[in-house]
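# Structural description and commentary
The primary structure of each chain is shown beneath.
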Amino acid sequence: MTDPLLTVDQAAERLGTTARFPRRLIAERRIAFVKVGSHVRIKASVLEAYIEGNTVQPIRRRRSRYGRAA
């Protein structure tokens, strides 16, 4: 199975942003991309890795010993 190449617009749609955001990621070399002639494409697996790498896990709060009346 091949890894599909996404256009900038398709990548933006998957990220839920405008096309400007993935273009900025490409310009700043923060994400890997493929040049196909004059076109820029992003592998779907690279986009998924970017999302996974930038996902922030919630902090689990410890219960305070002093927050509750006895």
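Residues numbered from 1 in each chain as written. Predicted model: local features only at pLDDT ≥ 70, side-chain atom pairs only at ≥ 80, totals over all residues. Heavy atoms only, no water.

## What about the overall build of the chain?
Check the secondary structure of the chain and you find 3 helices and 3 strands. Going from N to C terminus, the chain has its helices and strands arranged as β-α-α-β-β-α. A compact globule built from 70 residues would reach a C-alpha radius of gyration of about 11 Å, whereas the chain, at 19 Å, exceeds it by more than 25%. Taking the principal axes of the C-alpha coordinates as reference, the chain spans close to 70 × 30 × 20 Å. A burial count over the chain gives 20% of its 70 residues as buried. (Helix = DSSP H or I, 4+ residues; strand = E, 2+ residues; numbered from the N terminus. Rg over C-alpha atoms; globule rule 2.2 N^0.38 Å. Buried < 20%, exposed > 50% of the residue type's maximum accessible area, 1.4 Å probe, protein only.)

## Details of the packing of helix H1 (residues 8-15) against helix H2 (residues 20-27)
Following both chains from N to C, one finds H1 and H2 inclined at 110°, their axes separated by 8 Å at the closest point. When the axes of H1 and H2 are compared, the pair comes out roughly perpendicular. Two packed elements cross with a definite hand, and for H1 against H2 that hand is right-handed. Where H1 abuts H2, its residues Val8, Ala11, Ala12 and Leu15 lie against Phe21, Pro22, Arg23 and Ile26. (Axes fitted to C-alpha atoms, helices over the stretch in contact; angles between N-to-C directions. Parallel < 35°, antiparallel > 145°, perpendicular 65-115°, else oblique. Left-handed = near helix turned anticlockwise from the far one by under 90°. Contact = heavy atoms within 4.5 Å.)

## Digging into the UniProt feature "domain: Helix-turn-helix" (unreviewed entry) in the chain
According to UniProt, the "domain: Helix-turn-helix" (unreviewed entry) feature falls on residues 5-54. In residues 5-54, helix accounts for 52% and strand for 20%; the two terminal C-alpha atoms are 21 Å from one another. (UniProt positions renumbered as here; feature names shortened; annotations may be inferred.)

## Here we look at H1
The set of residues buried in H1 consists of Val8, Ala11 and Ala12. Considered in projection along H1, the buried side chains sweep an arc of 100° and stay on one side of the axis. Away from the buried face of H1 by more than 90 degrees, exposed residues Asp9 and Glu13 are located. Buried residues along H1 sit in contact with strand S1 (5-6), H2, strand S3 (39-43) and helix H3 (44-53). One or two residues past the end of H1 sits Gly16, with phi positive at roughly 75°. (Arc of directions from axis to C-beta.)

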